[in-house]
Amino acid sequence: MVKSGLVVRSYSGYYYVDCDGMIVTCKVKGHMKQNRFTLYTGDRVQIERNPAEEKAEGMIVSVLPRRNYLLRPTVANLDLIVLVQALVQPDFSYLIMDKLLVMAEKAGIPVLIVLTKADLADPAKAEQVASIYRNLHYETHVISAKTGKGISSLRERLAGKVSAFGGPSGVGKSTALNAIQPGVTRTTGEISNKIHRGRHTTRFTELTPFNGGYLADTPGFGNVLMDHMLPEELASCFPEFKTVEADCKFSPCSHIHEPVCGVKDAVKAGKIAASRYTSYLEIYEELKENKERNRR
Ligand SMILES: Nc1nc2c(ncn2[C@@H]2O[C@H](COP(=O)(O)OP(=O)(O)O)[C@@H](O)[C@H]2O)c(=O)[nH]1
Ligand SMILES: [Mg+2]
Ligand SMILES: [Zn+2]
């Protein structure tokens, strides 16, 4: 009998597939191995299973086309990527947030920004950071797991969706997820992070059923590597550049050294946030270095 399901976890050659709420332990059928295949958490698959058999075991026979995917962390078919950073402890970094946003834009995954530890932060700082991203039409939630601020609206927003939480470690991803979904306990805190580091579990993403959808904690990806991106592609991942690019004299324009540039004008006029342009320059340099390194 062939059924369809969702890969919620994988471990050393086994794939755990959610078929109508039953977790079936699967291996991959031989014919798939002969062709090249990749299987990610979040993949929709077809499995063969003998319903007469008591054990929940099956064979994956095919993978359905992906809507989107990320490679680090490895996860497919997300409805939302929740980009998490603390306002303080550790201090909010515009560069890290902008790198995460570039990654999400490139993958074509809708974004939700979550700023944590509001209880420790100056409300003016929270407002300053949030307004930069809200102006770019990124939905931004300011939360505190300690006071409960913003938790219930976040919980409502994630219902029925497949979402992954990403961001540097120590910003409160697991704590926020525990507050959103109290029944499932995820390990939190710096000490436990250290213990988990280097183990197989940290490299892989696991989907946990939540309110008609799924939630995924990730091991944290603060150090976003963008080795598969070219500097020329970067501008298209900054949505606020689109409307002002018409004023650039050259096309394509790198928005860096060209004398007449709509993006640079918009930064000067305060229409584009200075922090965003600074991130653009830094990421551009990094991508340029990668490109030169790869050429060598
Ligand atoms: N004051 C305060 N501390 C928090 C909050 N959220 C998380 N923390 C603390 O920040 C540390 C890191 O949290 P954790 O969830 O493990 O971060 P993760 O690495 O992103 O999953 C822990 O010591 C948490 O108790 C919050 O909203 N307020
Ligand atoms: Mg964590
Ligand atoms: Zn330009």
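To be clear, the structure that these remarks concern was listed above.
This write-up is about the structure you can find in this document. (Residues numbered from 1 in each chain as written. Chains lettered and ligands numbered in written order. Predicted model: local features only at pLDDT ≥ 70, side-chain atom pairs only at ≥ 80, totals over all residues. Heavy atoms only, no water.)

The next point concerns the overall build of the protein. If you tally the helices and strands in the protein, you get nine helices and 13 strands. Here the C-alpha atoms of the protein give a radius of gyration of 21 Å, agreeing with the 19 Å that 2.2 N^0.38 yields for 296 residues. The dimensions of the protein, computed from C-alpha atoms along their principal axes, are 70 × 50 × 30 Å. Scored against the burial criterion, the 296 residues of the protein give a buried share of 46%. Long-range pairs, those at least 24 residues apart, make up 65% of the contacts in the protein between residues at least 6 apart in sequence. Working note: accessible area of the protein is about 15,400 Å², and carbon and sulfur atoms make up 51% of it. For the protein, the distance from the average site of its 39 positive side-chain charges to the average site of its 32 negative ones is 4 Å. (Helix = DSSP H or I, 4+ residues; strand = E, 2+ residues; numbered from the N terminus. Rg over C-alpha atoms; globule rule 2.2 N^0.38 Å. Buried < 20%, exposed > 50% of the residue type's maximum accessible area, 1.4 Å probe, protein only. Contact = heavy atoms within 4.5 Å. Areas by Shrake-Rupley, 256 points an atom, 1.4 Å probe, with all protein chains shown as cover. Lys, Arg positive; Asp, Glu negative; His and termini not counted. Charge placed at Lys NZ, Arg CZ, Asp CG, Glu CD.)

Pairing between the strands of a sheet is mediated by backbone hydrogen bonds and can be parallel or antiparallel. Pairing is mixed across the open sheet formed by six strands, whose spatial order is S10-S9-S8-S11-S13-S12. At either margin of the open sheet sits one strand with a lone partner, and together these are strand S10 (139–142) and strand S12 (206–210). Direction aside, neighbouring strands of the sheet carry axes that sit 25° apart on average. As judged from the four bridges shared by strand S9 (residues 111–116) and S10, these two strands associate in the parallel manner. (Pairing = 2+ DSSP bridges. Axes fitted to C-alpha atoms, helices over the stretch in contact; angles between N-to-C directions.)

Moving on, we come to the coordination of the zinc ion (ligand 3). Protein coordination of the zinc ion (ligand 3) is provided by Cys248 (SG), Cys253 (SG), His255 (ND1) and Cys261 (SG), with donor distances spanning 2.1 to 2.4 Å. Around the zinc ion (ligand 3) sit four donor atoms; with metal-centred angles ranging over 103 to 116°, the donor geometry is tetrahedral. Positions of the donor residues of the zinc ion (ligand 3), expressed as sequence spacing, correspond to C-x4-C-x1-H-x5-C. With a gap of 13 residues between them, Cys248 in the loop between strand S13 (213–217) and helix H8 (262–268) and Cys261 in the loop between S13 and H8 connect regions that are remote in the sequence. (Donors = N, O, S within 2.8 Å, 3.2 Å for Na, K, Ca; no water. Tetrahedral: all angles 85-135°; square planar, octahedral: opposite > 155°, others 65-115°.)

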